[in-house]
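# Summary of the model geometry
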Amino acid sequence: VELPPLSVGICPVDFDDDQAAMDWCVRERANLNATIAYSRDKQLHKYAVTLPSAVGEVFKRLRFLDDAVAALEIAVQSAQAAGDREGEADSLGNLGVVHLDRSDFKSAEVYLTKAMDRSESIDYELGRAQAIHQLARLYLMRGETAQAIKSHVEALAILRKHEAKGPEVHV
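Residues numbered from 1 in each chain as written. Predicted model: local features only at pLDDT ≥ 70, side-chain atom pairs only at ≥ 80, totals over all residues. Heavy atoms only, no water.

## Thoughts on the environment of Asp-104
Its location among the elements puts Asp-104 in the loop between α5 (85-101) and α6 (105-121). Given the relative accessible area of 27%, Asp-104 is considered partly exposed. In this structure the C-alpha to C-alpha distance between Asp-104 and Leu-138, which are 34 residues apart in sequence, comes to 9.8 Å. Within the local environment of Asp-104, its side chain forms a polar contact with the side chain of Ser-107, the two groups lying 2.9 Å apart. (Helix = DSSP H or I, 4+ residues; strand = E, 2+ residues; numbered from the N terminus. Buried < 20%, exposed > 50% of the residue type's maximum accessible area, 1.4 Å probe, protein only. Polar contact = N/O pair within 3.5 Å; in protein donor to acceptor, adjacent residues only side chain to side chain.)

Structure, rendered in structure tokens:
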């Protein structure tokens, strides 16, 4: 997201390493949550869609799962309001992943299926591949090994078609 010019006296924060950035996110957690809600309320949808995914990974890693869910729900609302269907699909998928990490398989399946459906409806194949991959993780966690393998193979085929090497390695 393109940022406006910085105000006089405002300097961006630089971090020495990933841990320093994560520590900052923890210290600023309340402000980050407020900024996400403010972005939605002021219809600054690009920020409300992208910020939850950016900080959501840190929230998820540090087990602030309620914060991650609340932020991603805002991201879905803002993506819908802005007509950002890829952002909506990605945010739905990220919600599914957080619920998967909570072992809330029912909610995870609902969100991941919505992400897959949204991706299919707009011909967003990489989003569809990610949703299928996460559904495969869900199937594996539920002990549905054959379905998990089938889904992973399907996700791999899509990623290879698009030469998406990073996600391919992950799957």
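## So, the nonpolar core
By size, the foremost hydrophobic cluster in this structure holds 36 residues, and its most contacted members are Val-55, Leu-95, Val-98 and Leu-135. Where this core is concerned, the elements lending two or more residues are α1 (18-27), α2 (29-41), α3 (45-61), α4 (65-82), α5, α6, α7 (125-141) and α8 (145-161). If one sorts the elements of this core by residue count, α4 sits on top with seven residues. Not counting chain neighbours up to four residues away, the residues in contact with Val-55 comprise Cys-25, Leu-32 and Ile-36. (Core = buried A, V, L, I, M, F, W, Y, C linked by side-chain atoms within 4.5 Å. Contact = heavy atoms within 4.5 Å.)

## Regarding the pattern of salt bridges
Across all of its chains, the model carries 13 salt bridges by this definition. A salt bridge links Arg-142 to Glu-109; the shortest N-O distance between them is 3.0 Å. One end of the pair, Arg-142, is in the loop between α7 and α8; the other, Glu-109, is in helix α6, and 33 residues separate them in sequence. When its relative accessible area of 30% is taken as the criterion, Arg-142 is described as partly exposed. What emerges from the salt-bridge pattern is a single network uniting Lys-60, Asp-101 and Arg-137. (Salt bridge = Lys/Arg side-chain N within 4 Å of Asp/Glu carboxyl O.)

## Here we look at unusual backbone geometry
Positive phi is not limited to glycine here, since Arg-63 has a value of about 70 degrees. Looking at the element boundaries, Arg-63 is found in the loop between α3 and α4. Its identity is not glycine, yet Asp-123 carries a phi of approximately 60 degrees, on the positive side. With respect to the helices and strands, the residue Asp-123 is situated in the loop between α6 and α7. Taking the relative accessible area as the measure of exposure, Asp-123 reaches 62% and is therefore exposed.

## Considerations on the layout of surface pockets
Estimates place the volume of the largest pocket at around 710 Å³. When contributions to the lining of the largest pocket are tallied by element, the ones reaching two or more residues are α2 and α3. Residues of the lining of the largest pocket, tallied by class, amount to 16 nonpolar, three polar and no charged. Taken as a whole, the second largest pocket holds about 550 Å³ of empty space. Of all the secondary-structure elements, those providing two or more residues to the lining of the second largest pocket are α3, α5, α6 and α7. (1 Å grid on protein atoms, 1.4 Å probe; cavity = no way out; pocket = protein on both sides within 12 Å on 5 of 7 lines; lining within 4 Å. Points joined across faces, edges and corners; volume = space filled by probe spheres on them. Nonpolar A, V, L, I, M, F, W, Y, C, P; charged D, E, K, R; others polar.)

## Focus: the state of the cysteines
Under the defined criterion, the tally for this structure stands at zero disulfides. Free of any disulfide, Cys-11 has its nearest neighbouring cysteine sulfur in Cys-25, separated by 19 Å. (Disulfide = S-S within 2.5 Å.)

## Notes on the confidence of the model for the chain
A residue-level look at the chain finds 99% of positions with pLDDT of 70 or above and a mean pLDDT of 95. Per-element confidence in the chain is highest for α6, whose mean pLDDT is 98, and lowest for helix α9 (residues 165-170), whose mean pLDDT is 90. (pLDDT = per-residue confidence, 0-100.)

## Brief notes about the packing of aromatic side chains
Tallied over the full model, the rule gives two aromatic pairs. Where Phe-59 meets Phe-64, the ring centres are 6.3 Å apart and the plane angle is 90 degrees; that geometry is what we call edge-to-face. Phe-59 sits in the buried class, given a relative accessible area of 1%. Directly above the aromatic system of Phe-64 lies the positively charged group of Arg-29, at a separation of 3.8 Å from the ring centroid. (Phe/Tyr/Trp six-rings, centres within 6.5 Å; stacked < 30°, edge-to-face > 60°. Lys NZ or Arg CZ within 6 Å of the ring centre and 35° of its normal.)

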